[in-house]
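What follows is the residue order along each chain.
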Amino acid sequence: MTADRFLLRITRIAPLAEGVLAITLAAPDGAPLPAAAPGAHVEIEIPGVGLRPYSLTGDDPRRYEIAVALAAPGRGGSRRIHDGWRVGDEVRVSAPRDGFGPARANGPALLIAGGIGITPMLTIRRALIAAGRPVTLHHAARGAGGGLFPEALRAAPGAPVWHYDTACGPRPDLAALACSAPAGTEVWCCGPARMIDAALAAFAARPDVVLHVERFTAPAAPETPPADAGAFTVALARSGHRFTVAPHEPLLERLRAEGVLPETSCEGGVCGTCLTRVLGGAIAHHDYYLSAAEQAAGDRMLVCVSRGQPGTTLVLDL
Amino acid sequence: MTNALPSDFRSEDGPSAEAIAGFRAGMEPFWHPVLEAASLADRPRAVTLLGRRLVLVRLDGVATAFPDTCRHFQAQLSLGSVVRVDGRELLQCNYHGWAFAGDGACARIPQLPAGRCIPKTAGLRRFAVAERHGLIWVCLAEEPRFPIPDFPEEADPRFRKVRLLEEHPMRTSATRMIMGTLDDTHFPWVHEGILGDRAHPEPPLHRVWREGAELIVQYEADQPAGIMTTDMSRPESDAGATVRLTYTDHVGMPNVIRLVKESAAGRYVVWLATSPVDYNLTINFWIFARDYDLAAERDPVYLQMAAHVREQDRPLIESQRPWIVPPFWTQIELPLGPGDLPLIEYQKWIEELGIATAV
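Quick notes on the rules
- Residues numbered from 1 in each chain as written.
- Chains lettered and ligands numbered in written order.
- Predicted model: local features only at pLDDT ≥ 70, side-chain atom pairs only at ≥ 80, totals over all residues.
- Heavy atoms only, no water.
- Helix = DSSP H or I, 4+ residues; strand = E, 2+ residues; numbered from the N terminus.
- Rg over C-alpha atoms; globule rule 2.2 N^0.38 Å.
- Contact = heavy atoms within 4.5 Å.
- Areas by Shrake-Rupley, 256 points an atom, 1.4 Å probe, with all protein chains shown as cover.
- Lys, Arg positive; Asp, Glu negative; His and termini not counted.
- Charge placed at Lys NZ, Arg CZ, Asp CG, Glu CD.
- Axes fitted to C-alpha atoms, helices over the stretch in contact; angles between N-to-C directions.
- Parallel < 35°, antiparallel > 145°, perpendicular 65-115°, else oblique.
- Left-handed = near helix turned anticlockwise from the far one by under 90°.
- Nonpolar A, V, L, I, M, F, W, Y, C, P; charged D, E, K, R; others polar.
- Phe/Tyr/Trp six-rings, centres within 6.5 Å; stacked < 30°, edge-to-face > 60°.
- Buried < 20%, exposed > 50% of the residue type's maximum accessible area, 1.4 Å probe, protein only.
- Lys NZ or Arg CZ within 6 Å of the ring centre and 35° of its normal.
- Buried area = accessible area lost by both parts, 1.4 Å probe.
- Salt bridge = Lys/Arg side-chain N within 4 Å of Asp/Glu carboxyl O.
- Polar contact = N/O pair within 3.5 Å; in protein donor to acceptor, adjacent residues only side chain to side chain.
- Pairing = 2+ DSSP bridges.
- Core = buried A, V, L, I, M, F, W, Y, C linked by side-chain atoms within 4.5 Å.
- Domains from an automatic or database assignment.
- Expected span 1.5 Å × (residues − 1).
- pLDDT = per-residue confidence, 0-100.

- In the annotation of an unreviewed UniProt entry, chain A is listed under the name Oxidoreductase and assigned to Paenirhodobacter hankyongi.

## Looking at the overall build of chain B
So, point 1. Each helix and strand in chain B was counted, giving five helices and 17 strands.
So, point 2. Its C-alpha atoms give chain B a radius of gyration of 22 Å, near enough to 21 Å, the size a compact globule of 359 residues would have.
So, point 3. Judged by the C-alpha coordinates and their principal axes, chain B covers about 80 × 50 × 40 Å.
So, point 4. Sequence separation of 24 or more characterises 62% of the internal contacts of chain B that already satisfy a separation of 6 or more.
So, point 5. When the accessible surface of chain B is totalled, it reaches about 15300 Å², and 52% of it is carbon and sulfur.
So, point 6. Considering chain B, the positive charge centre built from 37 side chains and the negative charge centre built from 48 side chains are found 8 Å apart.

## A look at the packing of helix α2 (residues 174-182) of chain B against helix α5 (residues 341-352) of chain B
Residue and element names in this part refer to chain B.
So, point 1. Packing of α2 against α5 leaves a shortest axis separation of 10 Å and a crossing angle of 155°. In terms of orientation, α2 and α5 fall into the roughly antiparallel class. By crossing handedness, the relation of α2 to α5 is classed as right-handed. Here Thr-175, Ile-178, Met-179 and Leu-182 of α2 lie close against α5, whose contacting residues are Pro-342, Leu-343, Tyr-346, Gln-347 and Ile-350.
So, point 2. Across the contact of α2 with α5, the residue classes break down as seven nonpolar, two polar and no charged.

## Things to note about the packing of aromatic side chains
Residues and elements named next belong to chain B.
So, point 1. For the coordinates displayed, the defined rule picks out eight aromatic pairs over all chains.
So, point 2. Seen in terms of ring centroids, Phe-30 and Phe-146 are 5.7 Å apart; in terms of plane orientation they differ by 50°. Their pairing is tilted. Here Phe-30 is found in the loop between α1 (17-27) and β1 (32-36), whereas its partner Phe-146 is found in the loop between β10 (135-139) and β11 (160-165), with 116 residues between them in sequence.
So, point 3. Judged by relative accessible area, Phe-30 falls into the buried class, the value being 1%.
So, point 4. What links up through ring pairs into an aromatic cluster is the set Phe-30, Phe-146 and Trp-349.
So, point 5. Over the aromatic face of Tyr-302 sits the side chain of Arg-290, whose NZ or CZ is 4.0 Å from the ring centroid.
So, point 6. One residue, Arg-321, lies across the ring of Trp-323, its end atom 3.7 Å from the ring centre.

## What to know about the interface of chain B and chain A
So, point 1. The interface of chain B with chain A comprises 21 residues on the first partner and 21 residues on the second.
So, point 2. Interface of chain B and chain A: buried area, both sides summed, is about 1800 Å²; carbon and sulfur atoms make up 55% of it.
So, point 3. For the interface between chain B and chain A, the tally reads two salt bridges.
So, point 4. With a closest N to O distance of 3.0 Å, Glu-220 of chain B and Arg-12 of chain A form a salt bridge.
So, point 5. Our enumeration of links across chain B and chain A arrives at 12 residue pairs in polar contact (both at pLDDT 80 or more).
So, point 6. Listing elements by their share of the side of chain B that touches chain A, those giving two or more residues are β12 (207-211), β13 (214-224) and α5 of chain B.
So, point 7. Tallied by class, residues from the side of chain B that touches chain A come to nine nonpolar, four polar and eight charged.

## Focus: the sheet that holds β13 of chain B
Residues and elements named next belong to chain B.
So, point 1. Strand order in the open sheet formed by seven strands is β11-β17-β16-β15-β14-β13-β12, with antiparallel pairing between adjacent strands. Among the strands making up the open sheet, the edge pair consists of β11 and β12. On average, each strand axis in the sheet is inclined to that of its neighbour by 20°, with strand direction left out of account.
So, point 2. Each of β13, β14 (242-252), β15 (256-263), β16 (266-278) and β17 (281-290) touches α2; the most contacted strand, β16, lies at about 165° to it.

## Let's talk about the pattern of salt bridges
All names here are of chain A.
So, point 1. Applying the stated criterion across every chain, the model contains 45 salt bridges over all chains.
So, point 2. One salt bridge in this structure joins Asp-60 and Arg-63, with 3.5 Å as the shortest N-O distance.
So, point 3. Judged by its relative accessible area of 18%, Asp-60 is buried.

## Here we look at the nonpolar core
So, point 1. Ranked by size, the top nonpolar core spans 69 residues in total, and within it Leu-56, Val-138, Met-253 and Tyr-346 of chain B carry the most contacts.
So, point 2. If one sorts the elements of this core by residue count, α2 of chain B sits on top with five residues.
So, point 3. Looking at which domains feed residues into this core, each of domain 1 (31-139) and domain 2 (152-352) of chain B supplies at least three.
So, point 4. Beyond its immediate sequence surroundings of up to four residues, Leu-56 of chain B is in contact with Val-34, Leu-35, Leu-40, Arg-43, Pro-44, Arg-45, Val-47, Thr-64, Ala-65, Ile-136 and Val-138 of chain B.
So, point 5. One finds Ile-13, Ile-44, Val-68 and Val-93 of chain A within the second-largest nonpolar core, a separate group that totals 22 residues.

## Re the domain arrangement of chain B
All names here are of chain B.
So, point 1. According to the domain assignment, chain B consists of domain 1 (31-139) and domain 2 (152-352).
So, point 2. The gap between the C-alpha centroids of domain 1 and domain 2 is 36 Å.
So, point 3. At the junction of the two partners, domain 1 supplies 14 residues and domain 2 supplies 14 residues.
So, point 4. For the pair domain 1 and domain 2, the summed buried area comes to about 1100 Å², and 60% of that belongs to carbon and sulfur atoms.
So, point 5. On the domain 1 side of the contact with domain 2, Pro-33, Glu-36 and His-133 bury the most area, a combined 41% of that side's loss.
So, point 6. Our count for the contact surface shared by domain 1 and domain 2 stands at one salt bridge.

## Re α5 of chain B
Residues and elements named next belong to chain B.
So, point 1. Taking 1.5 Å of rise per residue, the 12 residues of α5 would be expected to cover 16 Å, and the 16 Å separating its terminal C-alpha atoms lies within 8% of that figure.
So, point 2. In terms of residue burial, α5 counts as a mostly covered element, since 10 of its 12 residues are buried.
So, point 3. Among the residues trailing α5, Gly-354 stands out with phi positive, at a value near 80°.

## Some points on the confidence of the model for chain A
So, point 1. In the predicted model, chain A carries a mean pLDDT of 84, and 90% of its residues have values of at least 70.
So, point 2. Contacts of residues 218-226 of chain A to residues separated by more than four positions or lying in other chains number 12 contacts, the stretch itself having pLDDT below 50.

## Comments concerning unusual backbone geometry
Residues and elements named next belong to chain B.
So, point 1. Residues Arg-321 and Pro-322 are joined by a peptide bond in cis, for which omega reads -5°.
So, point 2. Tracing the backbone shows Pro-322 in the loop between α4 (299-319) and α5.
So, point 3. Following Gly-337, the chain continues into Pro-338 via a peptide bond in cis, with omega recorded as -5°.
So, point 4. Here Pro-338 is to be found in the loop between α4 and α5.
So, point 5. The phi dihedral of Gln-74 is positive, around 65°, even though this residue is not glycine.
So, point 6. A positive phi angle is found at Asp-293, which is not glycine, with a value near 50°.
So, point 7. Tracing the chain through its elements places Asp-293 in the loop between β17 and α4.
So, point 8. By relative accessible area, Asp-293 is classed as buried at 10%.

Rendered as structure tokens:
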């Protein structure tokens, strides 16, 4: 196991939340693995996709634990893992890398995480608490409440945790956090690009604060989406609102983000609860509810699974 | 156990003729278990499969299936007997003595005048038969669409097996029976204290995918410690505790299911092969395998508990209408995501296979 990359066996795959899998990797012979510093990640070879970084969330020296969120839109790595990985398979993994940087100061610590960006924070927070540094965590996620790692993210004396449920509440106010951080604060931030950019802007005026950032992904490489999973535009007839749905982004999720809450039950394209009138545009039907003739009529769709044809504009009676 | 219709049986809320025909035709091109292999010895046996009367018989040791109707004047061949003629075994109709060979050809007509040949059209259709997992399986179509699903633990000597053949057939369709066994969100409600807790009705997070002819569902669940979830013969087992189990459910489409439950104690497997007598009557062949608590005298404990859980399910599954799982477009059912995802995916597949076609 001296090479920079080695084969590890998948020993456990378990859903952690909707669209997020907890995956455990171990040496086939159970041998201890190269030690990982807090915040470290490994790169995993995904054939046909390339190397993908995943933060290590555990601290057992005999295994690596990662959490993989199904990215929408992603570049195929998370989709490949969610659909193709099975317990017992072997994957090629790099030695741990300290992409997020070790502590450089000794003052209070501020951790800011968005969504699956919580993963590197687990080991960083553990190390900071062990070092006796005061550490505050701000975690923004859909349906938060520590959903992903409730035990690891429990507040402790000197280590408060702020959860923000982005489905129905405000996001962390980064400008306010930047203003109120005591001098000498060390900040770690990991999350979607929008959050990283906001943190860089907010803390730009604080030379007395050390800021570490980690983006989920390198700037996106072009990807060819499958036939009709491409981007399309939606126009909401009642509000006049227009927006573009990204390739692979579920329409239902986007509608909710836009403040439209269709009534749903199965969210799998079978029960018909979310049947919506379509006033114009070309539909890519993916449901089991409408008959072929009804689908061909093109005047109704199930917004939980169906989409617009790529590059077209769909006018919904919403 | 008999698979004749119970005398008090009524098919209330009967499906349309179209739905019944769709179910029978859709289920035809699959292997279906019909009998325990050990129960087919020296006498023919009558079974009903998808509404058709069949006779099962061993001729020179080979399990064979024909329509249970003599080609001559349509008496039941299962009332007949196995006879030896010219060194080979034949199935003889006991009405007029016509006898049929293993390939279905008529081999003897006692009334045939001298100098006449047996008519070429006097033979029987022979259905495909297989013996696997201790059962006899029949396929009514020329070509089965999928093979009989594997059951690795069945032949594995590290596993202790108990078999359960329910005393009464279930008054439900085979597809509803498979769905009832695949469903986990009913555990806290129907099997409280055994497989769940009503204080925790939240469904687990499922992974669902297709692999060859199997629908696979995987999830983790915390369940009460007991005979169905862990090794209670160990001194440290605590009946008050909860046990973390990983379920991997393999549905051999459309009529077989194998639930593999992994825990710290080991592996416990629930295997069910359903025999669709018809759209509203199903015979269940169960096998339970475990690789812990291996003493033979413990078998009755496992069998009793399994039978108890089955009887908890029975009134609810038998109460479901329509008998045949309806297609989604009818909007008769209201599945709720994401907890019902495994059932939704199973239903999608049986709809694709042409088994759920109408109400």
